[in-house]
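Residue-level structure breakdown
One-letter residues, chain by chain:
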Amino acid sequence: MNPSLAKLYTIGQKNSRRIIGLMSGTSLDGLDVALCTVSGAGKHTRVVLDHFETVSYQASFKDKIRQVFAKPVIDFAFLCTLNPLIGNVHARMILDCLEKWQIPPAEIDLIASHGQTVYHAPKKQHGIEDMPNATLQIGDGDHIAVKTGIITISDFRQKHIAAGGEGAPLAAYGDYFLFSDSGENRILLNIGGIANFTFLPRSGDSSRVFTIDTGPGNTLLDYYTQAYFGQPYDKDGAIAASGVVNTPLLETLKKHPYFQLPPPKTTGPEVFNHEMIHAAQIDSGQTDVSPADLIATLTRFSADTIADAIRTVTAGNHEKFAVYTSGGGAHNPVLIGTIQQHLPGFTFDNIRKLGVNGDAKEAILFAVLANETVAGVPTGAEQNHETPKICMGKISFPL
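Treat the numbers as computed from the prediction; the structure is a model and nothing was measured.

Some points on the layout of surface pockets
Its boundaries defined by the atoms lining it, the second largest pocket holds a volume of some 440 Å³. Looking at the second largest pocket, it is lined by 18 residues, and the ones nearest its centre are Phe69, Thr219, Tyr223, Pro269 and His274. Within the residue set of the lining of the second largest pocket, elements represented by two or more residues are helix H8 (219-229) and helix H11 (274-284). Tallying contributions element by element places H8 first for the lining of the second largest pocket, with five residues.

Dropping the structure here:
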């Protein structure tokens, strides 16, 4: 037997595995590196976060990614070379973290790499006849495996699409395994560049688990905060608090066709970007909105569409719901406060209350998916009983 296959088999038989989960989101702020000890599988999964760090990207590296990020027309040769480059950069960041934590690479069982999304194109979005749902994450897993010497599982979203999904959100699986609780109905709200949530019924019925991209989270806020104020994001919502919501622009933004699509649905910066905002400003006759008022309006836009999606999912259900927040948007009191105002009957807490670092949550969830790949019972691509059962991720062996 190939020694790497034999090693993978041994890893799958262990009582627990040390897995590094990686996440690089649409904000492009850096690589989340979460070293987890994972035991069990499925609903018996248990995770301990041993170490976590967000390794910031250099400006020149961000600029390279932005040359292809969510753009319909790109330099194909540049994309081809960027794929291994991102893998190599992520590998170096992993090794630097392990050195900082004083942990030899040989003690790590697996790396779970989400990669860097550069284009997300569900069929509802691209509308190309006879073409399937599609998404593309780069940062090649073979390069990570070879450079680190650690078996790497990557490219999780492709199997989800192959089995009938849209490739996102994938959080539902890890959320269900780690956070389901018979004591309450839970909504796990992650506000990254795009906002999404997972609904976990207290009944534990997996057929009722629901996940959806609600629309923009921080992607528009970050873009205009950088463009107008030279800051990476609106810290503590201070800029939004200083502005006034432009109601005509807000109402035009909320009429975007995405919000009328039935679930399940996913989206990305390919849809919610500055071109879309500019078109809405023209349509609403609000082209002279001040920078602070625009940030205030976009913050309200994110908050309203998040709350609307949660209300849609919970409509007609008179039970109580608890919302647990994570992601960069969870640190924005104006954004979170506005969502709370829209959902007065809901309780709100940061996901830290459930024993998880909210900034590390997505990286942890990919570690859980990798654990399922080697040790778990395959999960469904959609939340029903008719879809094929699948394991996600491609496996890359070191030399």
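Once the structure has been displayed, the description carries forward.
Re the sheet that holds strand E9 (residues 210-216)
With mixed pairing, the five strands of this open sheet are ordered in space as E9-E8-E7-E10-E11. The sheet is open, and its two edges are formed by E9 and strand E11 (347-350), each paired on a single side. Across the sheet, the mean angle from the axis of one strand to that of its neighbour is 20 degrees, orientation sign disregarded. Sheet analysis places strand E10 (residues 321-326) next to E11, joined by four bridges and oriented parallel. Each residue of the ladder has a partner; that of Ala322, found in E11, is Thr347. Seen against the sheet, helix H12 (residues 291-314) touches strand E7 (185-191), strand E8 (194-200), E9 and E10 and runs at an angle of roughly 155 degrees to E9.

Points about the packing of H8 against H12
The N-to-C vectors of H8 and H12 enclose an angle of 170 degrees; their axes lie 10 Å apart at closest approach. Judged on the interaxial angle alone, H12 and H8 are roughly antiparallel. Taken together, the residues of H12 that come into contact with H8 (itself represented by Leu220, Leu221, Tyr224, Thr225, Tyr228 and Phe229) are Pro291, Ala292, Leu294, Ile295, Leu298, Thr299 and Phe301. Of the residues that constitute the contact of H8 with H12, the class distribution is 11 nonpolar, two polar and no charged.

A short note on the packing of H12 against helix H13 (residues 333-342)
A packed helix pair is summarised by two numbers, namely the angle formed by the two axes and the spacing between the axes. At a closest axis distance of 9 Å, the pairing of H12 and H13 adopts a crossing angle of 40 degrees. Regarding the angle of H12 to H13, the classification is oblique. For the crossing formed where H12 meets H13, the hand is right-handed. Contacts from Thr299, Arg300, Ser302, Ala303, Asp304, Ile306, Ala307 and Arg311 in H12 reach Val334, Leu335, Thr338, Ile339 and His342 in H13. When the residues that make up the contact of H12 with H13 are grouped by side-chain class, the tally is six nonpolar, four polar and three charged.

Re the environment of Val55
Positionally, Val55 belongs in strand E3 (residues 46-56). For Val55, a relative accessible area of 18% translates into the label buried. For the pair formed by Val55 and Arg18, sequence separation is 37 residues and the distance between their alpha carbons is 20 Å.

Comments concerning the confidence of the model for the protein
Confidence in the prediction of the protein, expressed as mean pLDDT, is 93, and 97% of residues score 70 or more. Note that residues 381-388 has pLDDT below 50 and, in this model, 27 contacts with residues that lie over four places away or in other chains.

Concerning the side chain of Thr45
Looking at the element boundaries, Thr45 is found in the loop between strand E2 (30-39) and E3. Polar contacts involving the side chain of Thr45 include one to the main-chain carbonyl oxygen of Gly42, which spans 2.7 Å. Apart from the residues lying within four places of it in its own chain, the contact partners of Thr45 are Val38, Ser39, Gly40, Phe177, Leu178, Val368 and Glu372.

Focus on the nonpolar core
Soluble globular proteins tend to pack their nonpolar side chains together in the buried interior. In this structure, Ile19, Leu110, Phe156, Leu170, Phe366 and Leu369 are the most contacted members of the largest nonpolar core, which totals 35 residues. Listing elements by their share of this core, those giving two or more residues are helix H1 (3-13), strand E1 (16-24), E2, strand E4 (110-121), helix H7 (171-179), E10 and helix H14 (361-375). The element best represented in this core is H14, accounting for eight residues. Once residues within four sequence positions are removed from consideration, Leu170 is found in contact with Phe156, Arg157, His160, Phe366, Leu369 and Met392. Ranked by size, the runner-up nonpolar core spans 28 residues in total, among them Leu35, Val68, Cys97 and Ile103.

Quick look at unusual backbone geometry
At the junction of Ala168 and Pro169, the peptide bond is cis and its omega measures out at -20 degrees in the coordinates. Residue placement: Pro169 occurs in the loop between helix H6 (157-162) and H7. Of note, the phi angle at Leu28 is positive, near 60 degrees, even though the residue is not glycine. With respect to the helices, strands and loops of the structure, Leu28 is situated in the loop between E1 and E2. Not every positive phi belongs to a glycine, and Ala70 is a case in point at roughly 60 degrees. By the element assignment, Ala70 lies in the loop between helix H2 (59-66) and helix H3 (76-101). With relative accessibility at 14%, the residue Ala70 sits in the buried group.

Here is what the cut-offs are and how they apply
Residues numbered from 1 in each chain as written. Predicted model: local features only at pLDDT ≥ 70, side-chain atom pairs only at ≥ 80, totals over all residues. Heavy atoms only, no water. 1 Å grid on protein atoms, 1.4 Å probe; cavity = no way out; pocket = protein on both sides within 12 Å on 5 of 7 lines; lining within 4 Å. Points joined across faces, edges and corners; volume = space filled by probe spheres on them. Helix = DSSP H or I, 4+ residues; strand = E, 2+ residues; numbered from the N terminus. Pairing = 2+ DSSP bridges. Axes fitted to C-alpha atoms, helices over the stretch in contact; angles between N-to-C directions. Contact = heavy atoms within 4.5 Å. Parallel < 35°, antiparallel > 145°, perpendicular 65-115°, else oblique. Nonpolar A, V, L, I, M, F, W, Y, C, P; charged D, E, K, R; others polar. Left-handed = near helix turned anticlockwise from the far one by under 90°. Buried < 20%, exposed > 50% of the residue type's maximum accessible area, 1.4 Å probe, protein only. pLDDT = per-residue confidence, 0-100. Polar contact = N/O pair within 3.5 Å; in protein donor to acceptor, adjacent residues only side chain to side chain. Core = buried A, V, L, I, M, F, W, Y, C linked by side-chain atoms within 4.5 Å.

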